[in-house]
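# Per-entry structural report
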Amino acid sequence: MAEPQTRLSRREEHTSLRQRGIYLLPNLFTSASLFGGFYAIVQAMNQHFEQSAIAIFIAMVLDGLDGRVARMTNTQSAFGAEYDSLADMVSFGVAPALIVYVWALQPMNKLGWIAAFIYCACAALRLARFNTKIDDPFQDKRYFQGLPSPAAAALLAGFVWVSYEYNIDGREIFFGAVQVKWIAWCLTVFAAGSMVSDLKFYSGKDINLRHSVPFVAILAVVLAFVLISYSPPEVLFSVVFVYTLSGYYLWTRDRMAAQNKT
C-alpha cells in the first residue's frame with residue numbers, strides 16, 4: 001500500500017508563500033535607504049561631505065520606516081529581512097567608514113584605513129548578531145544589544161556635518177591642540193566598539209503609533225521639528241551622541257544597583 005502523501009493545509013501553505021514572497025512597499029523604503037548610502041559614498045568621493053552626511057541621515061529615517069511599514073501592512077517576509085540587512089551594511093557600514101576616511105583619516109595611512117575597516121567589520125558583526133537573535137524569545141525587545149548601526153553611522157556623519165558647518169577641515173588642528181583627524185579616529189573606533197558591545201540601547205519598539213498620546217507629546221514633536229530646522233547638524237549630532245552615551249549610562253546604573261544589593 002502506498003504511503004499517504006503529507007500535504008500542507010491551506011493556511012500553512014499561504015503562510016509559507018507569504019514568508020517567501022517579495023512585497024513592494026517595504027522594499028521600496030529599503031531600496032531608497034540603500035540608494036542613500038550609495039549616494040553618500042559617491043558624494044564623499046567627490047569631496048561633497050555635507051551631502052554625504054545628509055544622505056546618511058535620510059537613509060537612517062528610511063531604514064526606520066521600512067520595518068514599521070512592513071508590520072503595519074502585514075507584509076513581513078524573509079526576503080525583506082535579508083535585503084534590509086544587506087542595505088544596512090552598505091548605508092551604515094561601508095558608507096560612513098568611507099566618508100570619515102576620505103574626510104580625515106586618509107593622511108594617517110595605515111592607522112586611517114585600519115580604523116575604517118574596524119568600523120566596517122564591527123557593523124557586519126553587529127548586523128549578524130542582530131539577525132541571529134531576532135527570534136530569540138529571551139531577548140528584551142525594548143532594548144538593542146549594542147549600538148545600532150544606523151546610530152553609529154549617524155554619529156560619524158553628524159561629526160563630519162558639524163565640522164563642515166563650522167568650516168573645520170579634517171586635516172586642521174582643533175582648538176590649537178588636537179588634530180581633527182585624531183578626534184575622528186577615536187570617534188570611529190568608539191562607534192565600532194559600541195556596536196559590538198553588550199550595552200543596552202533603547203529600541204523604541206514598544207511605542208505604538210496607533211494609540212493615543214498626551215497633548216504634551218505633540219508639543220514635544222513640534223519642538224523637535226523646530227530645533228532640527230533651526231540647526232540640523234548640531235541638533236542631530238547632539239541627539240545621536242546623547243543616545244550613544246545612554247547605553248553607557250544604563251550599564252553604569254545597573255552596575256551600581258547590583259553593587260548596592262550586595
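Residues numbered from 1 in each chain as written. Predicted model: local features only at pLDDT ≥ 70, side-chain atom pairs only at ≥ 80, totals over all residues. Heavy atoms only, no water.

## Quick look at the overall build of the protein
If you tally the helices and strands in the protein, you get 9 helices and 4 strands. Walking the protein from its N terminus toward its C terminus, one meets helices and strands in the order α-α-α-α-α-β-α-β-β-α-β-α-α. When burial is assessed residue by residue, the protein has 37% of its 262 residues classed as buried. When contacts within the protein are restricted to residue pairs at least 6 apart in sequence, long-range pairs at least 24 apart make up 81% of them. (Helix = DSSP H or I, 4+ residues; strand = E, 2+ residues; numbered from the N terminus. Buried < 20%, exposed > 50% of the residue type's maximum accessible area, 1.4 Å probe, protein only. Contact = heavy atoms within 4.5 Å.)

## Focus: the UniProt feature "transmembrane region" (unreviewed entry) in the protein
Under the UniProt annotation, "transmembrane region" (unreviewed entry) lies at residues 21–42, 48–65, 86–105, 111–131, 143–162, 182–201, 213–229 and 235–251. End-to-end, the C-alpha atoms of residues 111–131 are 30 Å apart, and along that stretch the chain is 100% helix and 0% strand. (UniProt positions renumbered as here; feature names shortened; annotations may be inferred.)

## Focus: the side chain of S52
By the secondary structure assignment, S52 is in helix α3 (residues 49–72). A polar contact of 2.9 Å, which involves the side chain of S52, links it to the backbone oxygen of A40. Not counting residues within four places of it along the chain, the set of residues in contact with S52 comprises A40, Q43, A44 and I99. (Polar contact = N/O pair within 3.5 Å; in protein donor to acceptor, adjacent residues only side chain to side chain.)

## Digging into the packing of helix α4 (residues 78–105) against helix α5 (residues 110–132)
Between two packed helices, what matters for the description is the angle formed by their axes and the separation of those axes. Packing of α4 against α5 brings their axes to within 9 Å, and their N-to-C directions diverge by 165°. One element, α4, and the other, α5, form an angle in the roughly antiparallel class. When you trace α4 past α5, the crossing you get is right-handed. Here α4 contributes S85, D88, M89, F92, G93, V94, P96, A97, Y101 and L105 to the contact with α5, which in turn contributes G112, W113, A115, A116, Y119, C120, A123, A124, L127 and N131. Classifying every residue of the contact of α4 with α5 gives 15 nonpolar, 4 polar and 1 charged. (Axes fitted to C-alpha atoms, helices over the stretch in contact; angles between N-to-C directions. Parallel < 35°, antiparallel > 145°, perpendicular 65-115°, else oblique. Left-handed = near helix turned anticlockwise from the far one by under 90°. Nonpolar A, V, L, I, M, F, W, Y, C, P; charged D, E, K, R; others polar.)

## Brief notes about the pattern of salt bridges
Going through the model one piece at a time under the given rule, you end up with 3 salt bridges. The shortest N-O distance in the salt bridge between K200 and D254 comes to 3.4 Å. Linking K200 in strand β4 (residues 200–202) with D254 in helix α9 (residues 232–261), this pair joins segments that are 54 residues apart in sequence. Using a relative accessible area of 34% as the deciding quantity, one classes K200 as partly exposed. Using a relative accessible area of 32% as the deciding quantity, one classes D254 as partly exposed. The salt bridge partner of D254 is R253, with a shortest N-O separation of 3.7 Å. (Salt bridge = Lys/Arg side-chain N within 4 Å of Asp/Glu carboxyl O.)

## Some words on the side chain of T244
On the secondary structure map, T244 appears in helix α9. For T244, a relative accessible area of 0% corresponds to the buried category. Ignoring anything within four residues of it in the chain, the contact list for T244 reads L147, L155, F190, S194 and F201.

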